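Listed below are the residues making up each chain.
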Amino acid sequence: LMYKQKPVDQSVYNALWAEQNKFWIFGFDEKAKRRSEGLAPYLLMDSFNLWDSKKVLDAGCGYGYLCKFLQEYGADVTGLDYSDYFVSNKVHNN
C-alpha cells in the first residue's frame, strides 16, 4: 500500500510537530532518551556485528539521539532526516 501514499511536505515535521509528538514515556531530552533506549545501541552494534565495520546510516534519525549513542560505541554514524527542523536541531555530529 506504500504506492498509495501521498507525499508530505517536509515542513510538516517542525517544532510544533515535535512538541505534539513527545510520546516517549521517559520524556524527550537526551537523558530521557538514553534511559528509554537502554541497551538498544549496544544490541544494534552486536546484532549486526558492527564492531568491525562500524558504519551505520540512521534514516529518519530525528534529533539524532541514536546516532549519538552509537558514536559512543565507536560507530561511524550518518544521520539522515527529511525534516529541515530536525536536521537543524540535531544532537549528533554527522
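Below you will find a few notes about this structure. (Residues numbered from 1 in each chain as written. Predicted model: local features only at pLDDT ≥ 70, side-chain atom pairs only at ≥ 80, totals over all residues. Heavy atoms only, no water.)

**Things to note about the environment of Asn14**
Logical step 1: Looking at the element boundaries, Asn14 is found in the segment before α1 (15-20).
Logical step 2: When the C-alpha positions of Asn14 and Phe86 are compared, they lie 7.4 Å apart, and in sequence the two are 72 residues distant.
Logical step 3: Within polar-contact distance, the side chain of Asn14 engages the backbone oxygen of Ser11 at 3.3 Å.
Logical step 4: There is a polar contact of 2.9 Å between the side chain of Asn14 and the backbone nitrogen of Trp17. (Helix = DSSP H or I, 4+ residues; strand = E, 2+ residues; numbered from the N terminus. Polar contact = N/O pair within 3.5 Å; in protein donor to acceptor, adjacent residues only side chain to side chain.)

**Points about the pattern of salt bridges**
Logical step 1: Evaluated as defined, the whole model comprises one salt bridge.
Logical step 2: Here Lys55 and Asp76 are joined by a salt bridge, their closest N and O atoms 3.0 Å apart. One end of the pair, Lys55, is in strand β1 (residues 55-59); the other, Asp76, is in strand β2 (residues 76-80), and 21 residues separate them in sequence.
Logical step 3: Judged by its relative accessible area of 62%, Lys55 is exposed. (Salt bridge = Lys/Arg side-chain N within 4 Å of Asp/Glu carboxyl O. Buried < 20%, exposed > 50% of the residue type's maximum accessible area, 1.4 Å probe, protein only.)

**Let's talk about the packing of helix α3 (residues 40-47) against helix α5 (residues 65-72)**
Logical step 1: Where α3 contacts α5, the axes come no closer than 9 Å and their chain directions differ by 65°. It follows that α3 is roughly perpendicular to α5 by the angle criterion. Judged by the twist between their axes, the crossing of α3 over α5 is right-handed. Contact residues: α3 offers Pro41, Leu44 and Met45, while α5 offers Leu66, Phe69 and Leu70.
Logical step 2: Split into classes, the residues belonging to the contact of α3 with α5 amount to six nonpolar, no polar and no charged. (Axes fitted to C-alpha atoms, helices over the stretch in contact; angles between N-to-C directions. Parallel < 35°, antiparallel > 145°, perpendicular 65-115°, else oblique. Left-handed = near helix turned anticlockwise from the far one by under 90°. Contact = heavy atoms within 4.5 Å. Nonpolar A, V, L, I, M, F, W, Y, C, P; charged D, E, K, R; others polar.)

**Brief notes about the packing of aromatic side chains**
Logical step 1: As enumerated under the stated definition, the model contains eight aromatic pairs in all.
Logical step 2: The interplanar angle of 70° and the centroid separation of 6.1 Å between the aromatic rings of Tyr63 and Tyr85 together place this pair among those described as edge-to-face. Of this pair, Tyr63 sits in the loop between β1 and α5 while Tyr85 is found in helix α6 (residues 84-88), placing the two residues 22 residues apart along the sequence.
Logical step 3: The buried category is assigned to Tyr63, whose relative accessible area is 12%.
Logical step 4: Here Tyr85 falls in the partly exposed class, since its relative accessible area comes to 24%.
Logical step 5: Members of the aromatic cluster, connected to one another through ring pairs, are Tyr13, Trp17, Tyr63, Tyr65, Phe69, Tyr85 and Phe86. (Phe/Tyr/Trp six-rings, centres within 6.5 Å; stacked < 30°, edge-to-face > 60°.)

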